[in-house]
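Observations on the model geometry
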Amino acid sequence: METSFALTGKGYVIIASDTTAARSIVKMKIDEDKVKALGPHLLMAHSGEPGDTLQFAEYVERNIRLYNIRHNYSLSPSAAASWVRRSLAESLRSRHPYSVNLLLGGYDVPAKEPHLYWIDYLGTMSEVPFGAHGYGSYFALSLLDRYHNPDASLEEGIATLKRCIDEVAKRLIVSPSKYTVKVVDKDGVREIEV
Amino acid sequence: MSIMEYNGGSVIAMVGKECVAIASDLRLGNQALGISSNFQKIFPVTDRIYLGLPGLATDVTTLQELFRFRVNMYTIKEEREIQPETFAHLVSSTLYERRFGPYFIEPVIAGLSQTPSGGFKPFIAATDLIGCLNFAKDFVVAGTASSKLFGVAEGLWEPDLEPEDLFETISQTLMNAVDRDAYSGWGCVVHVITKDKIITRTLKGRMD
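Attention in this report is confined to the structure presented alongside it. (Residues numbered from 1 in each chain as written. Chains lettered and ligands numbered in written order. Predicted model: local features only at pLDDT ≥ 70, side-chain atom pairs only at ≥ 80, totals over all residues. Heavy atoms only, no water.)

Observations concerning the environment of Ile64 of chain A
Residue and element names in this part refer to chain A.
- Considering the arrangement of structural elements, one finds Ile64 in helix H1 (residues 52-71).
- For Ile64, a relative accessible area of 8% gives the class buried.
- Contact partners of Ile64, with chain neighbours within four places excluded, come to Leu38, Leu42, Leu75 and Ala80. (Helix = DSSP H or I, 4+ residues; strand = E, 2+ residues; numbered from the N terminus. Buried < 20%, exposed > 50% of the residue type's maximum accessible area, 1.4 Å probe, protein only. Contact = heavy atoms within 4.5 Å.)

Looking at the sheet that holds strand S7 (residues 100-108) of chain A
All names here are of chain A.
- Reading across the sheet, the 5 strands line up as S5-S6-S7-S8-S9 and stay open at both edges, with antiparallel pairing between neighbours. Strands with a single pairing partner mark the edges of an open sheet, and in this sheet they are strand S5 (35-39) and strand S9 (125-127). Averaged over all neighbouring strand pairs, the angle between strand axes comes to 20°, with direction disregarded.
- Two strands pair when backbone bridges link them, and S5 and strand S6 (residues 42-48) are joined in this way by 4 bridges, in the antiparallel orientation. Looking at the pairing, Gly39 lines up with Leu42 of S6.
- Across the sheet, helix H2 (residues 77-92) is in contact with S6, S7, strand S8 (113-119) and S9; its angle to S7 comes to roughly 165°. (Pairing = 2+ DSSP bridges. Axes fitted to C-alpha atoms, helices over the stretch in contact; angles between N-to-C directions.)

Details of the pairing of strand S12 (residues 188-192) of chain A
Residue and element names in this part refer to chain A.
- Bridge analysis of strand S11 (residues 179-185) against S12 gives 5 bridges, and the strand direction is antiparallel. Bridged to Asp185 within S12 is Gly188.
- Hairpin connection of S11 to S12: 2 residues between the antiparallel strands.

What to know about the sheet that holds strand S7 (residues 108-114) of chain B
Residue and element names in this part refer to chain B.
- The antiparallel open sheet is built from 5 strands, whose spatial order is S5-S6-S7-S8-S9. The two strands at the open ends of the sheet, each matched to only one other strand, are strand S5 (42-46) and strand S9 (133-135). Put simply, the sheet's adjacent strands are angled 25° from each other on average, direction ignored.
- Looking at chain direction, S7 and strand S8 (residues 120-127) are connected through 7 bridges and run antiparallel.

Looking at helix H3 (residues 137-147) of chain A
Residue and element names in this part refer to chain A.
- For H3, the set of buried residues is Ser137, Ala140, Leu141, Leu143 and Leu144. For H3, the angular spread of the buried residues around the axis is 165°, confining them to a single face. Away from its buried face, by an angle of more than 90 degrees, H3 presents the exposed residues Tyr138, Asp145 and Arg146. (Arc of directions from axis to C-beta.)

This is the structure:
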């Protein structure tokens, strides 16, 4: 089943998402990248109804790019999260709501701070030190409660993330086999191997 | 599964002597799963009005943004600050606009209204999710722990409490009520509004 985790540390946010695209009980694809870079310092993991997720992620990506071109500066993570949340909240009360859950992480360059936002398909948003979506969240959140440290180095952050991935692999029946892991910090967005 | 209990959370407001207090828990959940222990449900409207919005979390944020907009428009057009009574009716009519597809929020309003002589009179009110106003002289409650809050508040509240005593009363009421509610808790925030200052304190609570 679909699972995504994210956590903040000293000057960075790590976002991980599994790479399966499933339909009913069948894995259709095992190398789907579900963590999108929305800008030089912004990352978003998307999960939920297939089709809606990609459509909405691209809609967000292009609108954030448009803002960038029009105003000649990037939206801060908090501003981007507010815009995304409002899009989902308005969509919820429309004829065809998007069924998309998000983890939006970014590095606020002027303030030199990492930010992570937990957003669900209803338009519920909360800034969190760590967050997760999907069945994996039931295992990952309790692990992160115990091991998360907001001042941890990137290596320590990755080690904590590995604990989450291993626990899900061990305890969840329908556990994903592969994850994409991306980091955003002062140097921008990059993919890492775990 | 009720949509009013999907995210959990509770708010209470109490009247004191020339002061009012409003307090809420800090939990954001998805049914029984806790997501955040720092989800604010109380927002300042003016220097002397605070608004509590327990209910569906998406509507907490949407309504907070909507009320900020409407109060800003009022301030610009009228060239004065909104009074709590007026604001309560703004809340009521905003919710009734969505009579047949409501926002799932039960707002609580606490503030000090200015009297013609220049003094301040405590004001509290609450509405249901479609904007039916309830003006109370003592206390108002809302959210998933409302039934427990009624019980404890009924036992602890007394008239004409000074700000510090009112703080103690509202804190004890909220903390003890949310401990009996699985969907509320994870810390509390209390605001006491007096005529010349606002006292805001965050309380630690049980994390289970």
